[in-house]
Each structure stands twice: as structure tokens, then as C-alpha cells.
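A look at the structure
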Amino acid sequence: VPVTALLCAFKGQSGDGINVAIDAILEAILCSFSACGSDGIEMTGVLDASIYNCIFNSCGGYGINNSSGTNIAARVWRVANLFYNNTSGQENGFGDGPSLSEQTDSAASFVSSTDLTLAAASNARNNGLPMGFENETYIGYEDIGAVRHVDPSGGGPNKLWGKLG
């Protein structure tokens, strides 16, 4: 069963932001988790997962928690995620499977608990994937999380993802 969260904001849930309790394929991409009552993402089923370019800010448990009792680290890609102030810690239950290009913030990642705009000093700005390209001189500057920043000097128009109307 595939479960996909793309450009989603999880703000103030009383429990987990995402809880996958079945054997599934989970993709969480460019999501923001703020002040979830428990974990940002909890996996209680054995699954394959890709979790990247997500922010886990002030969750009541772990940012990402594998509580399945099975070492699934080799089947869960965790890349370019950012963590700040999660009560239990950043991650749990992955053994020696590393998280790649992980970031942390020393202050809140967002402007406020109700505004998930990236704080000016957040490491989520311009640190997402893709970054550099092999054998090239140019670099991508992707933000981490569901909300993109706009530089004061302008740039392109704001893009709205999701439902209109």
C-alpha cells in the first residue's frame, strides 16, 4: 500500500503527524511537522520508505520513530531532513543506518507556532536536495520543508501548491 505526503504541513496534531501501522511504502517529501503531540512520523509496520527534505520541529516524541521492533534501516532512506527540539530526539529505531545530509537548527525553524514560514536563520533555507551536481559548477538551492522562502530582492512569483478555491 503506497502512502505519499508531498508538500504537506502537519501542525499541532494531538498524536503523530504520520503513523504508518501497516506494511506499506511511505514517501514523505518536502513536509513540515510542527508541534505534533507525539512523533512527526511513526512507523509501526515494516515498510520501505523515503523521507527527505522534511522539517521536524518541536514534536512531543521523536522526529522519525521506527517502533516496529524490526531493523528496517536499510529500507528507509532519510535524506536532508532538519530537526529542532523534538522531546525524545531526532530519530529512533534505525540501528546503525545513517541519516544522510541531516541538518539541525539551534533555534525554532519557523517564524512562529502558527506560521510555518522558515525563520531567517533556519538551516532549512537553501540546504535541501538537490544541492551540487557532479562535475558541474552550478548548485541547486532547495529549501527543506513545505513552505519556501522568497528573498527580499524578489525572484519569481510565489507558487501555490494544493487546492484552489
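The structure reproduced in this document is the subject of the present report. None of these values were measured; they are calculated from a predicted model. (Residues numbered from 1 in each chain as written. Predicted model: local features only at pLDDT ≥ 70, side-chain atom pairs only at ≥ 80, totals over all residues. Heavy atoms only, no water.)

A few points about the packing of aromatic side chains
- Taken as a whole, this structure holds three aromatic pairs when the rule is applied.
- Each ring, one from F10 and one from F33, has its centre 4.7 Å from the other, and the planes form 5 degrees; the classification is stacked. Linking F10 in strand 2 (residues 9-11) with F33 in strand 5 (residues 32-34), this pair joins segments that are 23 residues apart in sequence. You'll find F10 and F33 in the same group, each marked buried.
- Plain terms: the ring middles of F33 and F56 are 4.8 Å apart, the flat faces sit at 10 degrees to each other, and that makes the pair stacked. Taken together, the residues span a long stretch of sequence, with F33 in strand 5 and F56 in strand 8 (residues 55-57) at a distance of 23 residues.
- We classify F33 as buried; its relative accessible area is 0%. (Phe/Tyr/Trp six-rings, centres within 6.5 Å; stacked < 30°, edge-to-face > 60°. Helix = DSSP H or I, 4+ residues; strand = E, 2+ residues; numbered from the N terminus. Buried < 20%, exposed > 50% of the residue type's maximum accessible area, 1.4 Å probe, protein only.)

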